[in-house]
Amino acid sequence: MHPSSRTQRCLAVLLFLTIAISSALQPKALAAATATLTIKASPDSAMATQYEVDSGLLTRGIQHAVRRPNADAPVTDAYVTVPDNPQARTYAVDRRGNLYDDLSRELLVLPLAEQSELLRHINHLRAKHYGQFIAWKEASRIIPRKAKFQVKDVESGLTFHVQRRAGSNHADVQPLTKEDTAIMKKIYDGRWSWQRKAILVLTEQGQYAASMHGMPHGGDGIPDNDFSGHFCIHFVGSSTHGSGNVDPEHQLMIYKAAGRLDEYFDQASPYQVVNAFFSAFALKDAQIFRMSFRRPTDRQMDFFVKGNGKIQGILRKPPIEQQDLKDRLLMEIPMEVNIYPEGQRRIKTGYTFRLQRASLIDPWKIESIEMIS
């Protein structure tokens, strides 16, 4: 081989090695930082759906946000965790796409573009997390008698298999196996209960918002599943066995399973707000308590929430005759109440609920509750 050719080849190899070593020593390009969006039905829910977005959206929004002192965190199902030194920060996201900083007790009003983009991502995530809002007639077609499907508890995320056995105004359902029954009982903390729970009905056609109770009753049909009888699943407009009426607590849980509790309270009359407040006791749902009050951290509301576990049941008289609400901004509703503290005798008392709305198009909220002497 000619010496010059050998020299050229050596130089080429040396150049290749130099480039390769130089490339290996170069710092790697950092991956784009991401923020994590989280949807969960209540702050304590184990079931959560998450989605990552470019953190630049939130960083820009936070940098240009208008900060307003605000003692009350929003009642929300949406949260965003943003990378920050030395550690990530999690903010609650309100209905308008603004962030609540729990550390500084401030509301961060984001610029309109960042608000809109954040809400677009959140609505996309909500559609994955919650169930479709369908009427009983359509649900009965999707899960006909003998159909098998899955039930998923919106709070715990626990899932079990069932079969629809009967039911004309709602679905009469049974767990398929002993294992399914054990999972269902775990959802109810090991004790069967009439308590309504928000659930998702999972089929090949889709994911649907529904409500169930956890008490075996009535006819049986599946042997060896450790479940003597059936339980009931309600959809929008379903009615009960005995009275044939639509059960308001089931309907509240259906709205929750669809991620539409805000919509329920936006449309609720003062009487429905008060009934939702009482239903929260039976449902053991602090989120509904908070949504019924004007201020989510109201001291009276906090008193009732903390006392919820000590009160076995509250029965109220049927709603009083409704007044014309067209031009009203204030309402007072007296209610007679029977309270059953655990292990104690019934206490008969009364409360006057004072409700208010900021304008004729704003929702009604509880302003205060006074005991009737």
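Conventions and cut-offs
Residues numbered from 1 in each chain as written. Predicted model: local features only at pLDDT ≥ 70, side-chain atom pairs only at ≥ 80, totals over all residues. Heavy atoms only, no water. Helix = DSSP H or I, 4+ residues; strand = E, 2+ residues; numbered from the N terminus. Buried < 20%, exposed > 50% of the residue type's maximum accessible area, 1.4 Å probe, protein only. Areas by Shrake-Rupley, 256 points an atom, 1.4 Å probe, with all protein chains shown as cover. 1 Å grid on protein atoms, 1.4 Å probe; cavity = no way out; pocket = protein on both sides within 12 Å on 5 of 7 lines; lining within 4 Å. Points joined across faces, edges and corners; volume = space filled by probe spheres on them. Nonpolar A, V, L, I, M, F, W, Y, C, P; charged D, E, K, R; others polar. Polar contact = N/O pair within 3.5 Å; in protein donor to acceptor, adjacent residues only side chain to side chain. Pairing = 2+ DSSP bridges. Axes fitted to C-alpha atoms, helices over the stretch in contact; angles between N-to-C directions. Contact = heavy atoms within 4.5 Å. Core = buried A, V, L, I, M, F, W, Y, C linked by side-chain atoms within 4.5 Å. pLDDT = per-residue confidence, 0-100. Expected span 1.5 Å × (residues − 1). Arc of directions from axis to C-beta. Salt bridge = Lys/Arg side-chain N within 4 Å of Asp/Glu carboxyl O.

Points about the overall build of the chain
Step number 1: If you tally the helices and strands in the chain, you get ten helices and 17 strands.
Step number 2: When each of the 373 residues of the chain is scored for burial, the buried share is 45%.
Step number 3: Carbon and sulfur atoms make up 52% of the accessible area of the chain, which amounts to about 20400 Å² in all.

What about the layout of surface pockets?
Step number 1: Roughly 990 Å³ of volume is contained in the second largest pocket.
Step number 2: Every residue lining the second largest pocket is counted, 30 residues in all, and those nearest its centre are Arg-95, Arg-96, Arg-294, Pro-296 and Lys-365.
Step number 3: Breaking the lining of the second largest pocket down by element, the ones donating at least two residues are β7 (106–109), α7 (261–267) and α9 (286–292).
Step number 4: Of the residues forming the lining of the second largest pocket, the biggest block, three residues, is contributed by α7.
Step number 5: Partitioned by chemical class, the residues of the lining of the second largest pocket number 13 nonpolar, four polar and 13 charged.

A short note on helix α2 (residues 55–63)
Step number 1: Along α2, the positions that sit buried rather than exposed are Ser-55, Gly-56, Leu-57, Leu-58, Gly-61 and Ile-62.
Step number 2: Two or three places before Gly-56, at the start of α2, stands the capping residue Asp-54, its side-chain oxygen 2.9 Å from that residue's backbone nitrogen.

So, the sheet that holds β7
Step number 1: Strand order in the open sheet made by the seven strands is β2-β1-β4-β5-β6-β7-β3, with antiparallel pairing throughout. Both outer strands of the open sheet, β2 (49–54) and β3 (66–69), are each paired with one neighbouring strand and no more. Taking each pair of neighbouring strands and ignoring which way they run, the sheet shows an average axis angle of 30°.
Step number 2: With four bridges connecting them, strand β1 (residues 34–39) and strand β4 (residues 78–82) associate as antiparallel partners. If you follow Thr-38 over to β4, its bridge partner there is Tyr-79.
Step number 3: Running at roughly 75° to β2, α2 makes contact with β1, β2, β3, β4, β5 (89–93), β6 (99–101) and β7 of the sheet.
Step number 4: Contacts from helix α3 (residues 112–129) reach β1, β2, β4, β5, β6 and β7, with the element oriented near 50° to β1.

Some thoughts on the nonpolar core
Step number 1: Among the nonpolar cores identified, the biggest contains 63 residues, and Leu-58, Val-80, Leu-99, Phe-277, Ile-288, Phe-353 and Leu-355 are the most heavily contacted of them.
Step number 2: Residue contributions to this core peak at nine residues, all from helix α8 (residues 270–283).
Step number 3: Setting aside residues up to four positions removed in sequence, Phe-353 forms contacts with Val-274, Phe-277, Phe-278, Met-331, Glu-332, Ile-333, Met-335, Ile-366, Ser-368 and Ile-369.
Step number 4: Counting 24 residues, the second largest nonpolar core, distinct from the first, contains Ala-139, Val-151, Ile-199 and Met-212.

Remarks on the confidence of the model for the chain
Step number 1: Residue-level pLDDT values for the chain average 87, and 85% of them are 70 or greater.
Step number 2: Note that pLDDT drops below 50 for residues 17–31; the model gives that stretch zero contacts with residues more than four away or on any other chain.

Examining α3
Step number 1: When the terminal C-alpha atoms of α3 are compared, their 25 Å separation across 18 residues agrees well with the 26 Å that a helix rising 1.5 Å per residue should span.
Step number 2: Listing the buried residues of α3 in full gives Glu-114, Gln-115, Leu-118, His-121, Ile-122, Leu-125 and His-129. Across the axial projection of α3, the buried residues extend over an arc of 140°, all falling on one side. Turned more than 90 degrees from where α3 packs its buried face, Leu-112, Ala-113 and Ala-127 sit exposed.

Section: unusual backbone geometry
Step number 1: Its identity is not glycine, yet Asp-224 carries a phi of approximately 60°, on the positive side.
Step number 2: The residue Asp-224 is located in the loop between β12 (207–214) and β13 (231–234) in this model.
Step number 3: Among the residues examined, Asp-224 registers a relative accessible area of 64% and is labelled exposed.
Step number 4: The phi torsion at Lys-284 lies on the positive side, around 55°, for a residue other than glycine.
Step number 5: Residue placement: Lys-284 occurs in the loop between α8 and α9.
Step number 6: For Lys-284, a relative accessible area of 62% corresponds to the exposed category.

Some words on the pattern of salt bridges
Step number 1: Throughout the structure, instances matching the rule amount to 16 salt bridges.
Step number 2: The partner of Arg-89 in a salt bridge is Asp-101, with the nearest N and O atoms 2.4 Å apart. With Arg-89 in strand β5 and Asp-101 in strand β6, this pair connects stretches of sequence that are twelve residues apart.
Step number 3: Arg-89 gets classed as partly exposed once you look at its relative accessible area, which sits at 22%.
Step number 4: Ionic pairing is found between Arg-95 and Asp-266, a salt bridge with its closest N-O pair at 2.7 Å. Linking Arg-95 in the loop between β5 and β6 with Asp-266 in helix α7, this pair joins segments that are 171 residues apart in sequence.

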